[in-house]
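If you want the building blocks of each chain, they are given just below.
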Amino acid sequence: PSSDCVMAEQLCLSDSTCNATYRTLENCALAKTRLLSLDHDSRVRCLNAELDLGNSSLLHCKCHRRMKRQEHCLRIFWTVHSSMTDGYLNLETSPYENSANEEHWKTDYNKLAALVSGKNCSQLAGDATNPCLRATHICNLSKKCFRLRTDYASICTKGAASEDVCDRRKCHRGLRNFFEKVPEDFTKRILFCPCQDEFCGERRRKTIVPDCSFQYNTKPNCLWLLDSCLEDHICKSRLADFQQNCQPVDTSPDGCSLHNHAACLQAYMGMIGTPMTPNYVSNSSVEVSLWCTCENSGNQKEKCDQILGLFESNKCL
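Residues numbered from 1 in each chain as written. Predicted model: local features only at pLDDT ≥ 70, side-chain atom pairs only at ≥ 80, totals over all residues. Heavy atoms only, no water.

Naming follows an unreviewed UniProt entry, where the chain appears as GFRA4 protein of Agelaius phoeniceus. Taken from UniProt, the Subcellular location (unreviewed entry) comment for the chain reads in full: "Cell membrane". Per UniProt, the chain has the following entry under Sequence similarities (unreviewed entry): "Belongs to the GDNFR family." (UniProt positions renumbered as here; feature names shortened; annotations may be inferred.)

**Observations regarding the packing of helix α13 (residues 233-245) against helix α14 (residues 261-271)**
Axis separation between α13 and α14 bottoms out at 8 Å; the angle between their running directions is 155°. Comparing the axis directions of α13 and α14 gives the class roughly antiparallel. Of the two elements, α13 crosses α14, and the hand of that crossing is left-handed. Facing Arg238, Leu239, Asp241, Phe242 and Asn245 of α13, the residues of α14 in contact are Ala263, Cys264, Ala267, Tyr268, Gly270 and Met271. (Axes fitted to C-alpha atoms, helices over the stretch in contact; angles between N-to-C directions. Helix = DSSP H or I, 4+ residues; strand = E, 2+ residues; numbered from the N terminus. Parallel < 35°, antiparallel > 145°, perpendicular 65-115°, else oblique. Left-handed = near helix turned anticlockwise from the far one by under 90°. Contact = heavy atoms within 4.5 Å.)

**Observations concerning the packing of aromatic side chains**
One pass over the full model with this rule turns up 7 aromatic pairs. Judged by centre distance (5.6 Å) and plane angle (65°), the ring pair of phenylalanine 214 and tryptophan 291 falls under edge-to-face. A residue pair is termed long-range when its members are at least 10 positions apart, and phenylalanine 214 in the loop between α11 (210-213) and α12 (222-230) and tryptophan 291 in the loop between β2 (288-290) and α15 (301-312) qualify at 77 residues. Per residue, the accessibility class of phenylalanine 214 equals that of tryptophan 291, and both read buried. Ring pairing ties together the aromatic residues Tyr152, Phe178 and Phe179, which thus form one cluster. When the ring centre of tyrosine 96 is taken as origin, the NZ or CZ atom of arginine 65, which lies over that ring, is 4.9 Å away. Between the NZ or CZ atom of arginine 204 and the centre of the ring of tyrosine 280, over which it lies, the distance is 4.8 Å. (Phe/Tyr/Trp six-rings, centres within 6.5 Å; stacked < 30°, edge-to-face > 60°. Buried < 20%, exposed > 50% of the residue type's maximum accessible area, 1.4 Å probe, protein only. Lys NZ or Arg CZ within 6 Å of the ring centre and 35° of its normal.)

**Considering the state of the cysteines**
Applying the stated criterion across every chain yields a total of 14 disulfides. Each disulfide pairs two cysteine sulfurs, and for cysteine 139 the partner residue is cysteine 145, the sulfurs being separated by 2.1 Å. Residues cysteine 139 and cysteine 145 are joined by a disulfide whose S-S torsion is about -110°; by sign, that bridge is left-handed. Note on cysteine 145: relative accessible area 0%, which makes it buried. Across a sulfur-sulfur distance of 1.9 Å, cysteine 166 and cysteine 212 are joined as a disulfide pair. Taking the torsion about the sulfur-sulfur bond, which here is approximately 95°, the covalent link between cysteine 166 and cysteine 212 counts as right-handed. You can see cysteine 166 sitting in the loop between α7 (143-156) and α8 (168-181) and its partner cysteine 212 sitting in helix α11, a full 46 residues away along the chain. (Disulfide = S-S within 2.5 Å.)

**What to know about the pattern of salt bridges**
Should their charged atoms come close, side chains of opposite charge can pair. The final tally for this structure, using the stated rule, is 9 salt bridges. A salt bridge links glutamate 180 to arginine 238; its shortest N-O distance comes to 2.5 Å. Of this pair, glutamate 180 sits in helix α8 while arginine 238 sits in helix α13, and the two are 58 residues apart along the sequence. Pair check on accessibility: glutamate 180 and arginine 238 agree, each one buried. A salt bridge links arginine 205 to glutamate 202, with the shortest nitrogen-to-oxygen separation between them at 3.0 Å. You can see arginine 205 and its partner glutamate 202 sitting in helix α10 (residues 198-205), 3 residues apart, about one turn around the helix. Under the relative-accessibility criterion, glutamate 202 is labelled partly exposed at 22%. Residues participating in the shared-partner salt-bridge network are Glu9, Arg23, Glu26 and Arg75. (Salt bridge = Lys/Arg side-chain N within 4 Å of Asp/Glu carboxyl O.)

**Notes on helix α9 (residues 184-191)**
In terms of residue burial, α9 counts as a mostly covered element, since 7 of its 8 residues are buried. Burial in α9 covers these residues: Glu184, Asp185, Phe186, Thr187, Lys188, Ile190 and Leu191.

**Some remarks on the packing of helix α1 (residues 5-13) against helix α4 (residues 70-80)**
At a minimum axis separation of 8 Å, α1 and α4 run at an interaxial angle of 60°. Compared by their axis directions, α1 and α4 come out oblique. For the crossing formed where α1 meets α4, the hand is left-handed. Taking contact as the criterion, the partners of Cys5, Val6 and Glu9 in α1 are, on α4, His72, Cys73, Arg75, Ile76 and Phe77. Of the residues belonging to the contact of α1 with α4, the class tally is 5 nonpolar, 1 polar and 2 charged. (Nonpolar A, V, L, I, M, F, W, Y, C, P; charged D, E, K, R; others polar.)

Right, here's the structure in full:
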């Protein structure tokens, strides 16, 4: 049975045999993080250590998106599963418990707003022509949604020191805080509000303050973005979750291998606030992309196109 990785680690460290095996895996993961090439014997030792865990709860543990010690939990997961990260696009399993289901995502919007405000929702009727503006107003009815949305908006629009450059790292952290700590009933409505005109679409595109969180002065190569992501436990985990839940299949009627669009959308939201933050590409469509290019990819052009295609031409997403 799956368990919290932090609890599983505590259980393992209290057992001398498991403890020794886990310490070996920590060294293996550390060597990989530092890009040290392991000799044949070391690779065998790492593989055997992973196999030696056998039925340990560490081997089957998972993490939760909203848990307090999330980064610590994810570090444990990738320590145990470090062999899964060989090469590009080979993150086979998500470290996250899958909590998204279709029914949960069908909450009635008006009832939600009435519940939060304690008032009748007729006051919001004027926002009917712009669902994204309406979604923002309903967020403002919740103290937590309003505070965390204001926080990231403030950080992401602020220049760093005297230069007119934002602090992207802080901006990303603020966005992750918002999407992790505010109930999804609010966040998904703000991010996926349906638009009929370009004014609404532009508001939706600017939800994540793209000038700071999404765009660079020039588009980097997508392989560079991927490398930045794989060096970060949270980004690597969100990418693995996205790959698992948004895996496109042409032969499937709904385009998804797992047939769960709610889990795919939740995984997409998880990518926001990471080095591989996606966004809408224009104010007149719902097409999304990464801010990167596959030009000058040399013999890795196919891998690069694959990464970009996960977002640009993903039938499931």
